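Summary of structural features
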Amino acid sequence: MNPTNIASSKVAIVTGASRGIGAAVARRLAQDGFAVALNYATGSAHADALVAELKAAGASAIAVQADVSKAGDVRRMFELTERELGKVDVLVNNAGVLKTVPLADTSDALYDQTFDINVRGTFNTLREAAARLNDGGRIVNFSSTTLALNMPGYAVYNATKAAVEAFTHVFAKELRGRGITVNAVAPGPIATSLFLDGKTEEQIRAFASMPPLQRLGQPEDIASVVSFLAGPGAGWVNGQILRANGGVA
Ligand code: NAP
């Protein structure tokens, strides 16, 4: 890696950065010159390895354990980041979970877990960011293209992402006067464990053939979109949902 220092001395928090899309986003923002706090819930080994990789390449990075569904953890994540790297400029709300189950078969526990992480987790970090983010900062939330596809099995997950999109539109307006943009990226199918786990080869092939670009997305496809939204070129994009999905919907 050769950090380009576009953002030298700027600080980014990426939630759920131990693997999948979040790890690719952390790598990309480090390349862009951000000092990056990589949040994880349980995957300390993955997060620590990625921090070591980024530091070896000349970037500033720390790993921060926090369950985003817990307000106290999120406060601690911001405090630690401020102490170690400085005040936060960019918040990427990537942490999320998906289990596809028909609504009628969804347990109370799965409903609670999905809403706690995807919705309350985003709410917790946004509320904390309102008080702590530097003026001129950037917030990138994570929705999903599944919201536009209405496939069976996605009712609860899509409901959580609809809430994230609602937060995005309203919070962008509530931060009037601070120069902070709030946007969301809505990926289509991306080859991570969230998407791949539990699917047959045939199901994966069917998803890969859906977009006119005829492949699954890769985490780096989304990382470059987040890089754009977090960077100087997107300063006039605010309150928007960017569907990055190869044209599937
Ligand atoms: P993934 O590979 O399963 O990774 C999920 C990440 O979230 C992991 O780093 C995990 O950390 C973290 N995480 C889970 N629960 C957490 C919690 N309570 N607190 C903090 N971190 C937590 O998922 P992904 O595919 O990269 O998905 C990232 C985001 O993109 C999600 O918001 C997802 O809804 C969205 N998305 C994904 C796709 C897709 O096809 N993959 C499509 C559309 C949208 P630990 O391992 O440490 O627990």
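Before any of the text, the structure's been laid out above.
Report follows, based on the coordinates.

How each quantity is defined
Residues numbered from 1 in each chain as written. Predicted model: local features only at pLDDT ≥ 70, side-chain atom pairs only at ≥ 80, totals over all residues. Heavy atoms only, no water. Helix = DSSP H or I, 4+ residues; strand = E, 2+ residues; numbered from the N terminus. Buried < 20%, exposed > 50% of the residue type's maximum accessible area, 1.4 Å probe, protein only. Arc of directions from axis to C-beta. Contact = heavy atoms within 4.5 Å. Axes fitted to C-alpha atoms, helices over the stretch in contact; angles between N-to-C directions. Parallel < 35°, antiparallel > 145°, perpendicular 65-115°, else oblique. Left-handed = near helix turned anticlockwise from the far one by under 90°. Near = heavy atom within 4 Å. Polar contact = N/O pair within 3.5 Å; in protein donor to acceptor, adjacent residues only side chain to side chain. Areas by Shrake-Rupley, 256 points an atom, 1.4 Å probe, with all protein chains shown as cover. Phe/Tyr/Trp six-rings, centres within 6.5 Å; stacked < 30°, edge-to-face > 60°. Lys NZ or Arg CZ within 6 Å of the ring centre and 35° of its normal. Pairing = 2+ DSSP bridges. Salt bridge = Lys/Arg side-chain N within 4 Å of Asp/Glu carboxyl O.

**Some thoughts on the environment of alanine 148**
Secondary-structure assignment places alanine 148 in helix 5 (residues 146–149). Looking at alanine 148, the relative accessible area reads 40%, which means it is partly exposed. Residues alanine 148 and valine 185, 37 residues apart in the sequence, show an inter-C-alpha distance of 13 Å.

**Observations concerning helix 8 (residues 201–208)**
When we look at burial in helix 8, the residues that qualify are Ile204, Phe207 and Ala208. One side of helix 8 holds all its buried residues, which, seen down the axis, span an arc of 100°. The exposed set on the far side of helix 8, more than 90 degrees from its buried face, consists of Glu202 and Arg205. Those residues of helix 8 hidden inside the fold are in contact with helix 7 (193–196).

**Things to note about the packing of helix 1 (residues 20–31) against helix 2 (residues 44–56)**
With their axes 11 Å apart at the nearest point, helix 1 and helix 2 run at an angle of 15° to one another. Relative to helix 2, helix 1 is oriented roughly parallel. Judged by the twist between their axes, the crossing of helix 1 over helix 2 is right-handed. Packed against helix 1, whose contacting residues are Ala23, Ala26, Arg27 and Ala30, the element helix 2 presents Leu50, Glu53 and Leu54 at the interface.

**Details of the site of the ligand**
Around the ligand lies a shell of 31 residues, among which Ser18, Ile21, Gly43, Tyr157 and Thr192 are the nearest. Isoleucine 190 places a main-chain nitrogen or oxygen 2.8 Å from an oxygen atom of the ligand. Protein chains bury 94% of the 900 Å² of accessible surface belonging to the ligand in isolation. If you tally residues by element for the shell around the ligand, the top one is helix 7, at 3 residues.

**What to know about the packing of aromatic side chains**
Summed over all chains, the structure comprises 3 aromatic pairs. When the centroid spacing of 4.6 Å and the interplanar angle of 25° are considered together, the rings of tyrosine 111 and phenylalanine 115 count as stacked. Of this pair, tyrosine 111 and phenylalanine 115 both sit in helix 4 (residues 108–132), 4 residues apart, which is roughly one turn of that helix. With a centroid separation of 6.3 Å and an interplanar angle of 65°, the aromatic rings of tyrosine 154 and tyrosine 157 are classed as edge-to-face. Its relative accessible area of 6% is what places tyrosine 154 among the buried residues. Look at tyrosine 157 and you get buried, because its relative accessible area is 8%. Lying across the ring of phenylalanine 207, lysine 199 places its NZ or CZ 5.4 Å from the centre.

**Re the sheet that holds strand 3 (residues 61–65)**
Read from one edge to the other, the open sheet built from 7 strands follows the order 3-2-1-4-5-6-7, with strand pairing classed as parallel. At either end of the open sheet lies a strand with only one pairing partner, and these are strand 3 and strand 7 (241–244). Strand after strand, the sheet turns through a mean of 20° between neighbouring axes, direction not considered. Taken together, the 3 bridges between strand 1 (residues 11–14) and strand 4 (residues 90–93) define a ladder with parallel strand orientation. From the neighbouring strand, isoleucine 13 faces strand 4, where its bridge partner is leucine 91. In the packing of helix 2 onto the sheet, the strands contacted are strand 2 (35–40) and strand 3, and the crossing angle to strand 3 comes to about 165°. The sheet contacts of helix 3 (residues 71–84) involve strand 1, strand 2, strand 3 and strand 4, and relative to strand 3 the element is tilted by about 160°.

**A few points about the pattern of salt bridges**
In this structure the tally under the stated criterion is 12 salt bridges. Here arginine 75 makes a salt bridge to glutamate 128, at a shortest N to O gap of 4.0 Å. Separated by 53 residues along the polypeptide, arginine 75 in helix 3 and glutamate 128 in helix 4 bring together distant segments of the chain. The shortest N-O distance in the salt bridge between glutamate 128 and arginine 132 comes to 2.8 Å. Of the two residues, glutamate 128 and arginine 132 are both situated in helix 4; the distance of 4 residues between them amounts to about one turn of the helix. It is possible to trace a salt-bridge network through shared partners that takes in Arg75, Glu79, Glu82, Glu128 and Arg132.

So far we have only geometry, and geometry alone does not tell us how the molecule works.
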